[in-house]
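Analysis of the macromolecular model
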Amino acid sequence: MEVMFRSSGNVLITLLRGDIDHHTASALRHTIDQSMKEFGCSDLVMDFSGVGFMDSAGIGMIIGRYKEANLRGGKVCVIN
């Protein structure tokens, strides 16, 4: 799993590459949460154009980021 970040205003844009499964979802969750804090972003865009496979742990990771963003008054957008 490879993750690249960039920010635009209060939006963190996350480009994901690789597979998201129960082996990688926890680390991905932590990496995204830390980057949201470091960049000072409340909104999150997750670009899945480079993801070939995702299991239910990946779905849980997305829902968890949605809940976290919602608590901060932010939004989550899933693309590709």
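Above: the structure in question.
Every value quoted in this text rests on a predicted model; they were computed, and no experiment measured them. (Residues numbered from 1 in each chain as written. Predicted model: local features only at pLDDT ≥ 70, side-chain atom pairs only at ≥ 80, totals over all residues. Heavy atoms only, no water.)

**Observations concerning the pattern of salt bridges**
What the rule picks out here adds up to two salt bridges. The salt bridge involving Arg 65 is made with Asp 33; its shortest N-O contact spans 2.8 Å. Taken together, the residues Arg 65 in helix 2 (residues 56-71) and Asp 33 in helix 1 (residues 25-39) connect sequence positions 32 residues apart. The salt bridge partner of Glu 68 is Arg 72, with a shortest N-O separation of 3.9 Å. We classify Arg 72 as partly exposed; its relative accessible area is 43%. (Salt bridge = Lys/Arg side-chain N within 4 Å of Asp/Glu carboxyl O. Helix = DSSP H or I, 4+ residues; strand = E, 2+ residues; numbered from the N terminus. Buried < 20%, exposed > 50% of the residue type's maximum accessible area, 1.4 Å probe, protein only.)

As far as function goes, none of this settles anything; it's purely spatial.
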